[in-house]
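# Fold and geometry: a report
Below are the chains, spelled out letter by letter.
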Amino acid sequence: MLSARTLRLPLATSVRFSPVARAAFAVPVATFRTDAAAEEPKSRAHGSYHWSFERSLSLVSLPLIGSAAVFGPIPAVDFLMGFVIPAHCYFGFESMIVDYLPARRVGAFYSIMIWTTRIITALAMYGCYIINTTDVGITALTKRIWTGKE
């Protein structure tokens, strides 16, 4: 049979708690709420719908890039790529920030990183819009860069 001391032993050896809590063995492990249990409530947008939207952006980017490679510059494809590719990158970076820099661990730095990612994505979309409307388009620009020809 497990004794109360056995249940409280991990609390004593953990470095997350103050020396007073470690010395007192006051809270049994079974009733202690960890960081993982104290997560923020998530809405449906950050659940399966969010995941499905990310995957659909990935799937849409494949035929867009393929048609741009096969058929050359098409304005509609360039405009769609100007939205899909930065949005795909945004969701990837957002997932990395949420996974590796959670708000419960880094505090205000989390908000700074999320807003920095949003601003950079908006600027990238605006840059794609400018390239598509005032220059040759994303596909033709990529071809120029790839071949090194004007």
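Residues numbered from 1 in each chain as written. Predicted model: local features only at pLDDT ≥ 70, side-chain atom pairs only at ≥ 80, totals over all residues. Heavy atoms only, no water.

## Some words on helix H6 (residues 108–134)
- For H6, built from 27 residues, the straight-helix expectation of 39 Å at 1.5 Å per residue is met to within 8% by its first-to-last C-alpha distance of 39 Å.
- Listing the buried residues of H6 in full gives Tyr 110, Ile 114, Thr 117, Thr 121, Cys 128 and Asn 132. (Helix = DSSP H or I, 4+ residues; strand = E, 2+ residues; numbered from the N terminus. Expected span 1.5 Å × (residues − 1). Buried < 20%, exposed > 50% of the residue type's maximum accessible area, 1.4 Å probe, protein only.)

## Looking at the nonpolar core
- Residues Leu 57, Leu 64, Ala 68, Val 77, Met 81, Val 84, Ala 87, Tyr 90, Phe 91, Cys 128 and Ile 138 constitute the largest nonpolar core, which totals 11 residues.
- Secondary structure elements with two or more residues in this core: helix H3 (48–71) and helix H4 (75–100).
- Tallying contributions element by element places H4 first for this core, with six residues.
- Ignoring sequence-local partners within four residues, the contact set of Leu 64 consists of Val 77, Leu 80, Met 81 and Val 84. (Core = buried A, V, L, I, M, F, W, Y, C linked by side-chain atoms within 4.5 Å. Contact = heavy atoms within 4.5 Å.)

## Structural notes on the UniProt feature "transmembrane region" (unreviewed entry) in the protein
- In the numbering used here, UniProt assigns the feature "transmembrane region" (unreviewed entry) to residues 56–74 and 108–132.
- Summarising residues 56–74: 84% helix, 0% strand, and an end-to-end C-alpha distance of 21 Å.
- The distance from the first to the last C-alpha atom of residues 108–132 is 36 Å, and the span holds 100% helix and 0% strand. (UniProt positions renumbered as here; feature names shortened; annotations may be inferred.)

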